[in-house]
Amino acid sequence: MCGIVGLLARKEDLRERLGEWVLPMLACMADRGTDSAGLAVFSDGIDAQARRISLYSPDRKYDWEALAKALREAVRTDVALRAVENHAALVTAAAPAAVAEWLEKRDPSLRVLSVGRSIEVYKDVGHPNETASRYGFARLKGTHAVAHTRMATESAVTPAHSHPYTAGEDFCLIHNGSLSNPHSLRRKLQKRGVRFETDNDTETACRFLEWRMREGATLEAALQEGLRMLDGFYTLLMATRDRLVLVRDAFACKPAVVAEHPAYVAVASEYRSLAHLPDVKSAKVFEPQPEEIYAWRV
Amino acid sequence: MAGVVTFDLAKQAVRDLNQFLHHDLSRNGAMEVRVLNPNGRHSIAVGVDAPVQVEVMGEAGYYLGGMNKQARIIVHGNAGWSVAENIMSGTVRVKGCASECAAASGHGGLVVIEGDASSRCGISMKGVDIVVGGDVGHMSAFMAQAGRLVVCGNAGAALGDSVYEAVVYVRGSIHSLGADARREEMTDKDCATVAELLKKAGIAADPKAFKRIASGKTLYHWNVEANQEY
Amino acid sequence: MDRPLRLEESHSFNARVIAWIQHAAENGLYEIRGLGAKRALPSFDDLVFLTASLSRYPLEGYREKCETKTVLGTRFAKKPIELKIPITIAGMSFGALSANVKEALGRAASEMGTSTTTGDGGMTQEERRSSKTLVYQCLPSRYGFNPDDLRKADAIEVVVGQGAKPGGGGMLLGQKISARVAKMRTLPEGIDQRSACRHPDWVGPDDLAIKINELRELTDWQVPIYVKFGATRVRDDVKLAVKAGADVVVVDGMQGGTAATQEVFIEHAGIPTLPAVRLAVEALEEMDVIGKVQLIVSGGIRTGADVAKALALGADAVSIGQGVLIAMGCNANYWVRDGEKVDAVPDYHKLGVAPGYCHHCHTGKCPVGITTQDPVLEQRLQPEEGARRLRNYLKTLTMELTTLARACGKSDVHHFEKEDLVALTVEAAAMAKVPLAGTDWIPGDTGG
């Protein structure tokens, strides 16, 4: 089980300090899950042709410089690198599929966490506060971010099993709850050529949406289908390049609170997580209705 | 002789507050306790058993006033899940909105939610009276055994599912009724009951505008006609 | 000439199954009964001890001390539970059982230095008065749950589920909802009670953590909090219970009993106690909380050998329900009035059953006065007689336990290890992860 948080900043000054506001939200939700944590942040500022690729290494002292250099030579394109310990973000105009293939061959221990024009994903095992401090969440800037703290239920505690899960470009999903039919759904999707990294139930939800969207559905339409196909208790929080999207199952037994304010929209598993946000007393605070799809634009 | 005792949860622990409320009230002579900066913390003022007034100046987390006896607790803000769960007596008043499972399994006393209550309001209630100024969410009064739930606004889906002897009064619309719940005629006695509860809650409304929802009692015994509703 | 009968029974459609289908066709309703799984299952019977030999020395019976003291709830509580023996009385409700029985349980447990547990009906005065150490259950139904009783309890057991019906809620049929039971449970007299299967104010281990915290706040952090569940996904559940803050984890295997539930639950849900113990211990080891979070195991614990084997597999204590009732007279062919045995067989026959086969707790017509609310029948089990028999049973269990312990060279029953055991069948070897007798083979573990 878990804690989820999300923050969408509507004003520029808040965007400059996004990480500062998200960090205490995440720290609060660390009480709900101490096994691992993950965060996805969306920000602009790279060329339209380029993509940002977030990478994870199990080695805290990984030689990212060497990797970036080798990649530049291999794809004959510029590769900008920013790295902290075992996390790196590569920005390049090279085709992401080619890059992913090259990475797989070069070093199969690396994981591609996300691909997109705006998204960057961090995740690791260990206490959320430790992860947040190591990766410098407090200094992040962007339009919106979602983050998750995990108490592992049925699957293992590994970085791969941590949320957020990503699919395609600029899409990620975090989940609080427990699906009751993830395995049969996973097998169904695997038959249709969808590749899974883990046996985690949240990944099943993510790949289901990925599959529907690949087939041409909008996220909303995919979620409508998801409400029928996914069984169990779940609050799903998703982010795309320009939106934050939230949905709860019909029973709505897993908590979720939303605060809507002119300057921001915030989501969390418990109100406690929102209590420190600026002027939250003026915000419209409510609990999302079951089976309703909420979407907020940047 | 103490006047108002203040606890600032930005500086003190919820545990210290609860210890004080459990053990130090009579020694201190305090009749009023004010709690500052609750900021959504859980288990504030749980297990109180004294005729004290506790004012919570802000948002409360889960289980505010849990298992309350005698005390008068007021939340100047919203309350999280299961506010006043298992309340035995006394009053818990939420000036804002209450999250899910408000007054869950309450045995007695009065719970007033001036704003909206969320889903499962009054779940498993066992004698508590609940008055909601706004709406209640789905599955409210689920398996409600005894007590009265008065809803001045609207009720969500599956109201009163598997209700026993509790009675629900709703002024607004009802999205749908749950298993074995049915609409019944409001009698003079019902109107008097609603009037009394509204008065206690300090909420103005016309008792005659309410609808009575109670158990059809078709699930009280195992029977073939029940069609999988077990 | 009469034709000789040729009776060829089907294995799949045997007499039992045919009767079940016919019952369903006549009534349109599933069967409800008491007690636990009746079918053959891999169990502790399939394990044996490697006692003393040339390579291991035994302790003398009687003269050389074998410690049985057991402490539960050391993780967070100010007042852990200290027991004289590692055998506790499992949660059984007043309602399922009569008030006399609850009192008998308390008396015997107090004399033997162990605990009893309330059930789905709340705490009775009789039990609190007679039981020196009382564990108070917090169940999905919350019948009768109140802060005064909570504060009188020596420990709190949050019940997520039980072995007889993991995923199902409590049940008590109308014939047992007497005036007193109805009042305690806030229900109309005589209705068929159907309890909730989920707690009303929390769902999931992350919210359980907050609930456990509330229970600690309510009781000023004094007493241990147990979390009990039926054995299904044991490894995950034990880990989650630990993460949620449990002091003690209670795992109830599918052999665990009930006073009334749908038979389909009893026989087809949950895993046997044998693999459940092993899984629970592995989970505690993975979380590195052995010695910090204790494990109580229940579900068909019958004899001292069972207790010893549970401890050897890593449990800190066991909990007994059905065995305790049988000790007091369940399925006996007599009851006792003024020291004289009275024949109970005709009353069994009235229920369409005979002693040794009865599981009719749900009817409330217990011929020996144990699982009944009937004012006449409940007199058939007097607290003093019940306590005497239960005390004898617990003493015998403890003697068997220490006999085996001494024979394995242990001066403390908590020094049993899984290496003291071997298995007699391949299933038991795989489930308990101990070698098949005469081999080094643990199926799945050491090849094959």
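All values reported here derive from a predicted model rather than from experimental measurement.

Definitions and limits used
Within each chain, residues carry numbers counting from 1 in the order of the written sequence. To label them, take the chains in the order written and letter them from A, then take the ligands in the order written and number them from 1. With pLDDT at 70 or above as the cut-off, local features in this predicted model cover only qualifying residues; side-chain atom pairs require 80 or more to be listed or tallied, and sums for whole chains, interfaces and linings still use all residues. Numbering of helices and strands starts at the N terminus; helices are DSSP runs of H or I of at least 4 residues and strands are runs of E of at least 2. Note that the radius of gyration is over C-alpha atoms, with the globule rule given as 2.2 Å times the number of residues to the power 0.38. Here a residue counts as buried when 20 or more other C-beta atoms fall within 10 Å of its C-beta, as exposed when 12 or fewer do, and as partly exposed in between; the C-beta atoms come from the backbone. By definition, residue pairs are in contact when their C-beta atoms, positioned from the backbone, come within 7 Å. Residues are grouped as follows: nonpolar covers Ala, Val, Leu, Ile, Met, Phe, Trp, Tyr, Cys and Pro; charged covers Asp, Glu, Lys and Arg; every other residue, Gly included, is treated as polar. For the handedness criterion, the strands are oriented away from the viewer, and a crossover whose path from the first strand over the helix to the second runs clockwise is classed as right-handed. By this definition, two strands are paired if DSSP reports at least two bridges between them. A fitted line through C-alpha atoms serves as each axis, taken over the contacting stretch for helices, and the angle formed by two N-to-C directions is quoted from 0 to 180°. Roughly parallel here means an angle under 35 degrees, roughly antiparallel means over 145, roughly perpendicular means 65 to 115, and every remaining angle is called oblique. Handedness of a crossing follows from how the near helix is turned relative to the far one, being left-handed for an anticlockwise turn of less than a right angle and right-handed for a clockwise one. Domain delimitation in this document rests on an assignment produced automatically or drawn from a domain database. Every helix has an expected span of 1.5 Å times one less than the residues it contains.

Give a detailed account of the overall build of chain B, specifying residues and quantitative values.
Within chain B, the secondary structure is distributed over 2 helices and 11 strands. Listed N to C, the secondary structure of chain B is β-α-β-β-β-β-β-β-β-β-β-α-β in terms of helices and strands. The C-alpha radius of gyration of chain B comes to 18 Å, within 12% of the 17 Å expected for a compact globule of 230 residues. Along the three orthogonal principal directions, the C-alpha set of chain B runs to about 60 × 35 × 25 Å. Counting the 230 residues in chain B, one finds 58% classified as buried.

Could you give an account of the overall build of chain C, with specific residues and numbers?
Assigned secondary structure in chain C consists of 14 helices and 18 strands. The C-alpha radius of gyration computed for chain C amounts to 22 Å, which stays within 12% of the reference 22 Å derived for 448 residues, consistent with globular compactness. Across the 448 residues in chain C, those meeting the buried criterion constitute 58%. Taking as baseline every contact in chain C between residues at least 6 positions apart, the subset at least 24 positions apart corresponds to 67%.

I'd like a rundown of the interface of chain B and chain C, residues and numbers included.
Taken together, the contact between chain B and chain C spans 38 residues of the former and 23 residues of the latter. When residues in the side of chain B that touches chain C are grouped by element, the largest group, 5 residues, is from helix α1 (residues 14-28) of chain B. Among the residues making up the side of chain B that touches chain C, the classes are represented as 17 nonpolar, 15 polar and 6 charged.

Give a detailed account of the pairing of strand β7 (residues 133-138) of chain C, specifying residues and quantitative values.
Residue and element names in this part refer to chain C. Judged by how many residues are buried, β7 sits mostly within the fold: 6 of 6 residues are covered. With burial as the criterion, each face of β7 is covered, one bearing Thr-133, Val-135 and Gln-137 and the other bearing Leu-134, Tyr-136 and Cys-138. Note that the unit made of strand β6 (residues 115-117), helix α3 (residues 125-130) and β7 has a crossover that is right-handed. Pairing geometry for β7 and strand β8 (residues 155-159), over 4 bridges, is parallel. Paired with Tyr-136 across the two strands is Ile-156, which belongs to β8. Remark: the β7/helix α4 (residues 147-152)/β8 crossover connection has right-handed handedness.

Lay out the packing of helix α10 (residues 304-312) of chain C against helix α13 (residues 383-407) of chain C with the relevant residues and their values.
All names here are of chain C. In contact at an axis separation of 7 Å, α10 and α13 are set at 55° when each is read in the N-to-C sense. Considering their axes alone, α10 and α13 lie oblique with respect to each other. By crossing handedness, the relation of α10 to α13 is classed as right-handed. Within the contact between the two elements, α10 uses Gly-304, Ala-305, Val-307 and Ala-308 and α13 uses Thr-396, Leu-397, Thr-398, Met-399, Glu-400, Leu-401, Leu-404 and Ala-405. Among the residues making up the contact of α10 with α13, the classes are represented as 8 nonpolar, 3 polar and 1 charged.

Describe the interface of chain C and chain A, and please don't skip the residues or the numbers.
At the interface, 8 residues of chain C touch 12 residues of chain A. For the side of chain C that touches chain A, the secondary-structure elements that each account for two or more residues are α6 (205-218) and α7 (234-243) of chain C. Here the side of chain C that touches chain A is built from residues that sort into 3 nonpolar, 1 polar and 4 charged.

I'd like a description of the domain arrangement of chain B, backed by residues and values.
Domain annotation of chain B identifies domain 1 (1-94) and domain 2 (119-217). Measuring from the centre of the C-alpha atoms in domain 1 of chain B to the corresponding centre in domain 2 of chain B gives 27 Å.

Lay out helix α9 (residues 273-286) of chain C in plain terms, naming residues and giving numbers.
All names here are of chain C. Here α9 spans 20 Å end to end across 14 residues, near enough to the 20 Å set by a 1.5 Å rise per residue. With 11 of 14 residues buried, α9 lies mostly within the body of the structure. If you check which residues of α9 are buried, you get Thr-273, Leu-274, Pro-275, Ala-276, Val-277, Arg-278, Leu-279, Ala-280, Val-281, Ala-283 and Leu-284. In the core, the buried residues of α9 are packed alongside α7, β12 (248-252), β14 (294-298), α10 and α14 (426-432). A positive backbone phi angle near 55° is found at Asp-288, which sits one or two residues after α9.

Explain the pairing of strand β7 (residues 126-132) of chain B to me, and be specific about the residues and the numbers.
All names here are of chain B. Judged by how many residues are buried, β7 sits mostly within the fold: 7 of 7 residues are covered. Of the strand pairs in this sheet, strand β6 (residues 110-113) and β7 are connected by 4 bridges, and their pairing is parallel. When the bridges of β7 are listed, Ile-113 appears paired with Val-132. Here β7 runs beside strand β8 (residues 146-151); their pairing, made up of 5 bridges, is parallel. Note on β8: the bridge partner recorded for Val-131 is Val-150.

Break down unusual backbone geometry for me, citing the residues and quoting the values.
Of note, the bond from His-163 of chain A into Pro-164 of chain A is cis; its omega dihedral lies within 30 degrees of zero at 5°. Within the secondary structure layout, Pro-164 of chain A lies in the loop between β8 (144-150) and β9 (165-166). Unlike most non-glycine residues, Asp-170 of chain A shows phi in positive territory, near 55°. You can see Asp-170 of chain A is positioned in the loop between β9 and β10 (171-179). Within the chain, Ser-124 of chain B stands out as a residue other than glycine whose phi angle is a positive 60°.

Summarise the environment of Gly-172 of chain B; cite the residues concerned and give the values.
Residue and element names in this part refer to chain B. Position of Gly-172 among the secondary structure elements: in the loop between β9 (167-170) and β10 (181-184). Judged by C-beta crowding, with 15 C-beta atoms within 10 Å, Gly-172 ranks as partly exposed. The spacing of Gly-172 and Glu-32 is 140 residues in sequence and 36 Å in space, taken between C-alpha atoms. Not counting chain neighbours up to four residues away, the residues in contact with Gly-172 comprise Gly-153 and Asn-154.

Could you give me a rundown of the sheet that holds strand β2 (residues 36-42) of chain A, with the residues and numbers involved?
All names here are of chain A. Taking strand neighbours across the sheet as the criterion, the 7 strands line up as β7-β2-β8-β1-β14-β13-β15 in an open arrangement whose pairing is antiparallel. Looking at strand neighbours, the two that pair on one side only are β7 (119-125) and β15 (284-286), the edges of this open sheet. The average angle at which neighbouring strand axes cross in this sheet is 10°, direction not considered. Relative to the sheet, helix α2 (residues 18-29) contacts β1 (2-9), β2, β8 and β14 (264-268), its axis offset from that of β1 by approximately 165°.

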